[in-house]
Amino acid sequence: MALCLTAVCLVCAAILGVTYAATKAPIEAAAAAEAQASIAKVLPDGGEISEEIASDAEGVEGYYVQTSEEGAVTAYAVKSSTGGFGGLLTLMVGVLPDGTVYNTSVLAHSETPGLGAKCTEEKSAFREQWKGFAGVLSVKKDGGDVDAITASTITSRAYTKAVAQAVALVKSMEE
Amino acid sequence: MSKFSLITKGLLKENPTFVLVLGMCPTLATTTSAMNGLEMGLATMFVLILSNIVISLIAPVVPDKVHIPVYIVVIATFVTVLQLLMQALVPDVYKTLGLFIPLIVVNCIILGRAEAFANKNGVWDSALDGIGIGIGFTLSLTVIGIVREILGSGAIFGWKFITGDGMLAFVMAPGAFIVLGYLMVLFNKIAKK
Amino acid sequence: MEYLLIIISAIFVNNIVLAQFLGICPFLGVSNKLSTAGGMSLAVCFVITLATVVTYLINQYLLVPFGLTFLQTIAFILVIAALVQMVEIVLKKVSPSLYLALGIFLPLITTNCAVLGVAINVVTKEFTFGDAAHMLGLGEATVYAFATSLGYGLAMVLFAGIREHLALNEVPKAFKGLPIALISVGIMALAFLGFSGIV
């Protein structure tokens, strides 16, 4: 009885060990490619992107610096998160050195499908407004320049806050 | 039972979702769209076929007292293999289905087929049984996914045919229960005739 | 404050049955009568809390240090199966009356995906507290597991109450049994949707 269980466990462990060894590299490659793609999406084309730099600024986990061939800083990609409607909302925000937003993308969210989750639709008016955004970083209801998603003020506020955190970090570094 | 009916019984007579009512958690949780339902069904089928084959092979030599732990180890091994393969090959799908991939371990369909079929039948028959039940499960999940996607987001397999939103409740939790309930009624009506 | 957030979120907002779809099989299976539903809830509560603590420790001190986190699924299910068996044996010796009350439900709990689901969630998911999120510590994980199982009990007992009334009513033939039960759960879930966004 014990022998049988041991044998089964040994065989299974061997199968798992082999699979793990075989899939380890592709899994890491997939994760790295995804991280790269999410950074490249929010930054201007070209230039060298640094490794992730940790940050202890509010809501910012880390950021990446993009430099041109001459070594000048051309943009920052900031991983910024804040509490949304259903959980944490994490964005990748591309910010130019003067504090203008270049582009944004959603890394993780738990917003309501069909309402707050519309913030993930790339071609929507809400997302398009962020390209080159340099106005006041709060939703229009609160006196700012951001058009909120209909019926999803809380998500829009969170999105705006996450962008504002990223911009604040870049501005503090540029000073 | 003929080889052919081994495969077709999963569609109607022993449909795992509508007749046996097994594996309800992934059925309800992952059918927010037709594609998600299909993917979950295929993932479950992968584990079901492999575990059916292996269990039918080892059943004669496994002492009765430890057969459940042995089966669980076998099933959990295949689930972990599936997890690793999916993370490597289709990371996006793995992310959408999330928690419900490891939870295939406790999907009662798999242990149920091991107990009810694979441990007293040959390898070939067990594999066919796995395919049959797997297809039945996949189809059921896809149908539920299609209905929820049409009602909830006005689309089929991601192809949108209305502008604006559908009835959002159907994409969210309540819609899952309600759609499954009504589909079961429909299935009862059709199957009884 | 954080503990309060965890508790409210686990019981109402992210109710394990009505929002997360875990543990549906026993939820539908034993909710015919209020008394069995109560017994099952107690047993689940006990096992979920215990299993989460044990799997959390195993993950933290065995799997993570040795880089074996890919074995989570297989390790957790074995631990849960062994734990349920042990609880059964201990209960039989220590408190025969409690064993009689919970005994029949215990073997069913191993394949209750709520137990494995909560155990995996706790060690893989970050939880949001206001504007930040972090992995749960042992204390928080215990509170979360306990609150989640209370949510399970709440949904189960409420639903059993509804089903006892349903049994007395004329229901169209094709709707009898599970279909009408599922539709009722759907309406219950709709009501629970009202809690979303409060934490």
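Colleague: Could you give an account of the environment of leucine 108 of chain C, naming the residues involved and the relevant values?
Modeller: Position of leucine 108 of chain C relative to the elements: it lies in helix H6 (residues 106–109). Taking the C-alpha atoms as reference points, leucine 108 of chain C and threonine 124 of chain C, separated by 16 residues in sequence, lie 25 Å from one another.

Colleague: Mind laying out the pairing of strand S4 (residues 73–83) of chain A, listing which residues take part and the relevant values?
Modeller: All names here are of chain A. Burial of S4 is extensive: nine of the 11 residues sit out of reach of the surface. Pairing of strand S3 (residues 60–67) with S4, which is carried by seven bridges, proceeds in the antiparallel orientation. Note that in S4 the partner of tyrosine 64 across the bridge is alanine 77. As paired elements, S4 and strand S5 (residues 88–95) share eight bridges and run antiparallel to each other. Bridging from a neighbouring strand, serine 81 pairs with threonine 90 of S5. Taken together, S4 and the strand that follows it, S5, pair antiparallel across an intervening segment of four residues.

Colleague: Lay out the interface of chain B and chain C with the relevant residues and their values.
Modeller: Listed per partner, the contact involves 36 residues of chain B and 34 residues of chain C. Taking both sides of the interface into account, the surface hidden between chain B and chain C amounts to around 2900 Å²; carbon and sulfur atoms contribute 88%. A per-residue breakdown of the area chain B buries against chain C is headed by Cys25, Val106 and Phe177 of chain B, which together make up 21% of the total. Applying the counting criterion to the chain B and chain C interface returns zero salt bridges. Our enumeration of links across chain B and chain C arrives at two residue pairs in polar contact (both at pLDDT 80 or more). Looking at the side of chain B that touches chain C, the elements with two or more residues in it are helix H2 (24–29), helix H4 (67–89), helix H6 (108–116) and helix H8 (173–192) of chain B. Ranked by residues supplied to the side of chain B that touches chain C, first place goes to H8 of chain B with 12 residues. A class-by-class count of the residues in the side of chain B that touches chain C yields 29 nonpolar, six polar and one charged.

Colleague: Any details on the side chain of arginine 148 of chain B? Residues and values, ideally.
Modeller: Counting through the fold element by element, arginine 148 of chain B comes out in helix H7 (residues 123–153). For the buried arginine 148 of chain B, no salt bridge exists, and the shortest N-O distance to an oppositely charged side chain is 9.7 Å, to glutamate 149 of chain B.

Colleague: An account of the nonpolar core is requested, with residue identities and associated values reported.
Modeller: Counting residues in each nonpolar core, the largest one holds 123 residues, and the members touching the most others are Ile101 and Ile104 of chain B together with Phe21, Ile24, Phe27, Ile109 and Leu116 of chain C. Not counting residues within four places of it along the chain, the set of residues in contact with phenylalanine 21 of chain C comprises Cys25, Leu28, Ala29, Phe100, Ala173, Ala176 and Phe177 of chain B together with Ile16 of chain C. In this structure, Tyr76, Leu91, Trp130 and Val167 of chain A belong to the second largest nonpolar core, which totals 26 residues.

Colleague: Lay out the packing of helix H8 (residues 138–167) of chain C against helix H9 (residues 178–192) of chain C in plain terms, naming residues and giving numbers.
Modeller: Residues and elements named next belong to chain C. In contact at an axis separation of 11 Å, H8 and H9 are set at 135° when each is read in the N-to-C sense. Here H9 runs oblique to H8, going by the angle between their axes. Crossing angle aside, the handedness with which H8 passes H9 is right-handed. Seen from H8, the contacting residues are Leu154, Ala155, Leu158, Phe159, Ile162, Arg163 and Leu166; seen from H9, they are Leu178, Ile180, Ala181, Ser184, Val185, Met188 and Phe192.

Colleague: Outline unusual backbone geometry, supporting the account with residue identities and numerical values.
Modeller: One non-glycine residue, alanine 151 of chain A, adopts positive backbone phi at about 65°. Phi at valine 21 of chain B takes a positive value of approximately 50°, unusual for a residue other than glycine. Residue placement: valine 21 of chain B occurs in the loop between helix H1 (3–8) and H2. On the accessibility criterion, valine 21 of chain B (18% relative accessible area) is buried.

Colleague: Go over the interface of chain A and chain C with me, naming the residues and quoting the values.
Modeller: With nine residues of chain A at the interface, the matching set in chain C holds 12 residues. Both faces combined, the contact of chain A with chain C buries some 810 Å², and carbon together with sulfur accounts for 64% of it. Broken down residue by residue, the surface that chain A buries against chain C is led by Tyr20, Phe85 and Leu88 of chain A, which jointly contribute 52%. Counting every contact that joins chain A to chain C gives zero salt bridges. Summed over the shared surface of chain A and chain C, the number is zero residue pairs in polar contact (both at pLDDT 80 or more). Per-element tally for the side of chain A that touches chain C: the top contributor is S4 of chain A, with three residues.

Colleague: Help me get a handle on a nonpolar patch on the surface, residues and values and all.
Modeller: Judged by side-chain polarity, Met35, Ile150, Ile156, Phe157, Trp159, Phe161 and Ile162 of chain B come together as a nonpolar surface patch covering roughly 640 Å² of accessible area. Topologically, isoleucine 162 of chain B is positioned in the loop between strand S2 (159–160) and H8.

Criteria and thresholds
Residues numbered from 1 in each chain as written. Chains lettered and ligands numbered in written order. Predicted model: local features only at pLDDT ≥ 70, side-chain atom pairs only at ≥ 80, totals over all residues. Heavy atoms only, no water. Helix = DSSP H or I, 4+ residues; strand = E, 2+ residues; numbered from the N terminus. Buried < 20%, exposed > 50% of the residue type's maximum accessible area, 1.4 Å probe, protein only. Pairing = 2+ DSSP bridges. Contact = heavy atoms within 4.5 Å. Buried area = accessible area lost by both parts, 1.4 Å probe. Salt bridge = Lys/Arg side-chain N within 4 Å of Asp/Glu carboxyl O. Polar contact = N/O pair within 3.5 Å; in protein donor to acceptor, adjacent residues only side chain to side chain. Nonpolar A, V, L, I, M, F, W, Y, C, P; charged D, E, K, R; others polar. Lys, Arg positive; Asp, Glu negative; His and termini not counted. Core = buried A, V, L, I, M, F, W, Y, C linked by side-chain atoms within 4.5 Å. Axes fitted to C-alpha atoms, helices over the stretch in contact; angles between N-to-C directions. Parallel < 35°, antiparallel > 145°, perpendicular 65-115°, else oblique. Left-handed = near helix turned anticlockwise from the far one by under 90°. Patch = residues over 30% accessible without salt bridge, like charges linked within 9 Å, V, L, I, M, F, W, Y side chains within 5 Å. Areas by Shrake-Rupley, 256 points an atom, 1.4 Å probe, with all protein chains shown as cover.

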